[in-house]
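The chain contents come next:
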Amino acid sequence: MGKVRLSVDLDDTLAGTIEEWIKEASAKLGREIKREELTEYHLENVVDLDRETIIGIFKNVWGHYENVPLIDPYIPRTIEDLGSAFEIFIITAAVGKKEEVVAWLNKYGIKYDKLIMVEHAKDKLTLSEEYNIPIFVDDNPILADMAISSNKKIVMIKKPWNLKFIDEHASDNLFAVSDWKEAEAVLRKISESMDN
Ligand SMILES: [Mg+2]
């Protein structure tokens, strides 16, 4: 059997975009936003900024992609190792320009097979049907809900904005993990079970 295809998200799954966003948004608001406050995926519901401003800050963060950290230092190695079992699709609705995203991935030497930038999270699901991708790694609870309903698997790294979803949605297709080390272990198990 060939490699299983894997859809890997960018913002806050590989790239610590939110860390830079918090800095800029805090400066704009004139108070320090704490990560734990961000208990909703749609940040306008928890922070006193409108959608346009929120997106504008994300665009600005990607404009300075060189400041965006990896969420885990061992991601490049982990992704490379996973490449033996998976075809790695990075599918992202990030608002950065493609050249910024590519430069960021290159900066950290992240090896992937295909990069696809989409408008909305729901486009990831459409693409997963088109490309026959059975598994996502993503922090977005809205995508997770759609993925589970479509009988796709999703590995979610726990974030303040997806804990409630994880709590309320026990599913054989939902794998909540603390970091990429755990994600890798879960993905290996899934790939073994798909081989049989
Ligand atoms: Mg994300």
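Residue positions are given per chain, counting from 1 as you read along its sequence in written order. Reporting in this predicted model follows two pLDDT cut-offs: at least 70 for local features of residues, and 80 or more for side-chain atom pairs to be given and counted; totals over whole chains, interfaces and linings ignore these cut-offs and use all residues.

**Description of the overall build of the protein chain**
Next up, step 1: What the protein chain contains, in helices and strands, is eight helices and six strands.
Next up, step 2: Each principal axis of the C-alpha distribution contributes one length, and for the protein chain these read about 55 × 35 × 30 Å.
Next up, step 3: Partly exposed residues are those whose C-beta has more than 12 but fewer than 20 other C-beta atoms within 10 Å; with 20 or more the residue is buried, with 12 or fewer it is exposed, and the C-beta atoms are placed from the backbone. Each of the 196 residues in the protein chain was classed as buried or not, and the buried ones make up 38%.
Next up, step 4: Taking contacts inside the protein chain between residues at least 6 apart in sequence as the whole, the part at least 24 apart equals 63%. Runs of H or I in DSSP of at least four residues are treated as helices and runs of E of at least two as strands, each being numbered from the N terminus. Residue pairs qualify as contacts under a 7 Å threshold applied to their C-beta atoms, which are placed from the backbone.

**Some thoughts on the domain arrangement of the protein chain**
Next up, step 1: Assigned domains of the protein chain: these are domain 1 (4-16 + 70-195) and domain 2 (17-67).
Next up, step 2: For the domains described, the bounds stem from an automatic or database domain assignment. Computed over C-alpha atoms only, the centres of domain 1 and domain 2 are separated by 22 Å.
Next up, step 3: Elements with a contribution of two residues or more to the side of domain 1 that touches domain 2: helix H4 (98-107) and helix H6 (141-149).
Next up, step 4: Broken down by element, the side of domain 1 that touches domain 2 gets its largest block of residues, four residues, from H4.
Next up, step 5: Throughout this entry, Asp, Glu, Lys and Arg are counted as charged residues, while Ala, Val, Leu, Ile, Met, Phe, Trp, Tyr, Cys and Pro are counted as nonpolar. The remaining residues, Gly among them, count as polar. Of the residues contributing to the side of domain 1 that touches domain 2, the split by class is nine nonpolar, three polar and six charged.

**Points about the packing of helix H1 (residues 17-29) against helix H2 (residues 51-63)**
To describe two helices that pack against each other, one gives the angle between their axes and the distance between the axes.
Next up, step 1: At a closest axis distance of 9 Å, the pairing of H1 and H2 adopts a crossing angle of 120°. The chirality of how H1 crosses H2 is right-handed. Contacts from Thr17, Glu20, Trp21, Glu24 and Ala25 in H1 reach Ile57, Phe58, Asn60 and Val61 in H2.
Next up, step 2: Grouping the constituent residues of the contact of H1 with H2 by class yields five nonpolar, two polar and two charged. Working convention: axes come from line fits to C-alpha atoms, limited for helices to the stretch in contact. Angles between N-to-C directions cover 0 to 180 degrees. A clockwise turn of the near helix away from the far one marks a right-handed crossing, whereas an anticlockwise turn of less than a right angle marks a left-handed crossing.

**A word on the environment of Glu24**
Next up, step 1: Residue position: Glu24 is located in helix H1.
Next up, step 2: With 16 C-beta atoms counted inside 10 Å, the residue Glu24 sits in the partly exposed group.
Next up, step 3: In this structure, the C-alpha to C-alpha distance between Glu24 and Trp104, residues 80 residues apart in sequence, is 19 Å.
Next up, step 4: Not counting residues up to four positions away in its chain, the partners in contact with Glu24 are Ile57, Asn60 and Val61.

**Some points on the pairing of strand E6 (residues 174-177)**
Next up, step 1: In this sheet, E6 lies alongside strand E5 (residues 153-157) in parallel orientation, the contact comprising four bridges. Looking across to E6, one finds that Ile154 is bridged to Leu174.
Next up, step 2: Note on the crossover from E5 through helix H7 (residues 163-168) to E6: the handedness is right-handed. For two strands to pair, DSSP has to find at least two bridges joining them. The path from the first strand over the helix to the second decides the hand: if it runs clockwise while the strands point away from the viewer, the crossover is right-handed.

**Comments concerning the sheet that holds E5**
Next up, step 1: If you walk across this open sheet you meet the six strands as E3-E2-E1-E4-E5-E6, and the pairing is parallel. The strands lining the two open edges of the sheet, one partner per strand, are strand E3 (114-117) and E6. If you compare each strand with its neighbour and ignore which way they point, the axes differ by 20° on average.
Next up, step 2: Here strand E2 (residues 86-92) runs beside E3; their pairing, made up of four bridges, is parallel. In the sheet register, Phe89 faces E3, and the bridge partner there is Lys114.
Next up, step 3: Contacting strand E1 (4-8), E2, strand E4 (135-137), E5 and E6, helix H8 (residues 180-195) crosses the sheet at an angle of about 170° to E5.

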